[in-house]
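Remarks on the overall topology
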Amino acid sequence: MTADNPAKAAPFRIRPRTDTDLEACVRVLATVHERNAYPLNWPQDPPTWLTPPSLLAAWVAEEDENGNGGIIGHIVLSRSEEGDAAAALWTGGPTAVINRLYVDPAARGRGVGAALMTRAVTDANSRALHPVLDVASTDTAAAALYERLGWTLLAAEVEQEWGPGQRVKVRCYAAPARPGPTTRRAASARSR
């Protein structure tokens, strides 16, 4: 946050996505697609793409903390399905997949993506699921965010099918392990 750039300091809030949010979510997604080629393939039916059959929960970031602004970000938490590369690589128990994460380019640099990730990870943990995700290997900005948040790289380059006849190289990540009671006790003993 700087006094020189009040937009960086502007408040936002994370809340569950509703059906009435989908139109605004698609508008922001179109901006992200045009600017950053995400998603790689523009979906035939964007609202359906934002609501996959494996959906567990979805959230949006809204421009101000009182809900008076527009949608500036989006994230989905889904059940793992066959073909999910990151879920297949994780050996530590049941997983949930974080996907459909995007932030309006005009709202970047404010921690919106990190806040959305935190919300999805918290929800996955409450379901006793370990969050995983994959990202196109060319999306270095997203990979940098995940690594800043402490996510573990499971595989630097895995091929995954993203459409009929389309294979994409992805990087697979897992959320940091949650400290269990034994881990917390050991950390506490070390700090004494």
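Below is a short write-up of the structure. Quick caveat: nothing in here was measured; it's all calculated off a predicted structure.

A few words on the nonpolar core. Within the largest apolar cluster, 27 residues are counted, with the highest numbers of intra-cluster contacts made by Ile75, Ile98, Leu116, Met117, Tyr146 and Trp151. Of all elements in the fold, only strand E2 (55-62), strand E3 (71-79), strand E4 (95-103), helix H5 (112-126), strand E5 (130-136) and helix H6 (140-148) reach the threshold of two or more residues within this core. If one sorts the elements of this core by residue count, H5 sits on top with 6 residues. In contact with Ile75, other than residues within four places in its own chain, are Ala57, Ala58, Trp59, Ile98, Asn99, Arg100, Leu101, Leu116, Met117 and Ala120.

In terms of burial, E5 is largely enclosed, as 6 of its 7 residues are buried. Note that E4 and E5 share 3 bridges and pair parallel. Bridging across to E5, Val97 finds its partner in Val132. Summarising the sheet, E5 and strand E7 (residues 166-174) pair through 5 bridges and their orientation is antiparallel. When the sheet's bridge partners are listed, Leu133 is paired in E7 with Tyr173.

A separate point is the pattern of salt bridges. Within this structure, the stated rule accounts for 10 salt bridges. Between Lys169 and Glu157 there is a salt bridge whose closest N-O contact spans 3.6 Å. Note that Lys169 is positioned in strand E7 and Glu157 in strand E6 (residues 152-163), a separation of 12 residues in sequence. Through salt bridges with shared partners, a single ionic network connects Arg13, Arg15, Asp21 and Glu62.

Calculation criteria
Per chain, the residues get numbers from 1 upward, laid out in the order the sequence is written. Whole-chain, interface and lining totals are the exception, using all residues; otherwise, since this is a predicted model, local features are given only for residues with pLDDT of at least 70 and side-chain atom pairs are given and counted only at 80 or more. Side-chain numbers here rest on the full set of heavy atoms in the structure, without hydrogens or water. To form a nonpolar core, buried Ala, Val, Leu, Ile, Met, Phe, Trp, Tyr and Cys residues must be joined to one another through side-chain atoms within 4.5 Å. Relative accessibility thresholds used throughout: buried, under 20% of the residue-type maximum; exposed, over 50%; partly exposed, between the two (1.4 Å probe, protein chains only). Counting from the N terminus, the helices are the DSSP runs of H or I reaching at least four residues and the strands are the DSSP runs of E reaching at least two. Contacts are assigned to residue pairs with any non-hydrogen atoms lying within 4.5 Å of each other. We treat two strands as partners when DSSP finds at least two bridges between them. Within this document, salt bridges are pairs made up of a side-chain nitrogen of Lys or Arg and a carboxyl oxygen of Asp or Glu, the two lying within 4 Å of each other.

Such coordinate-based values are descriptive only and should not be taken to indicate function.
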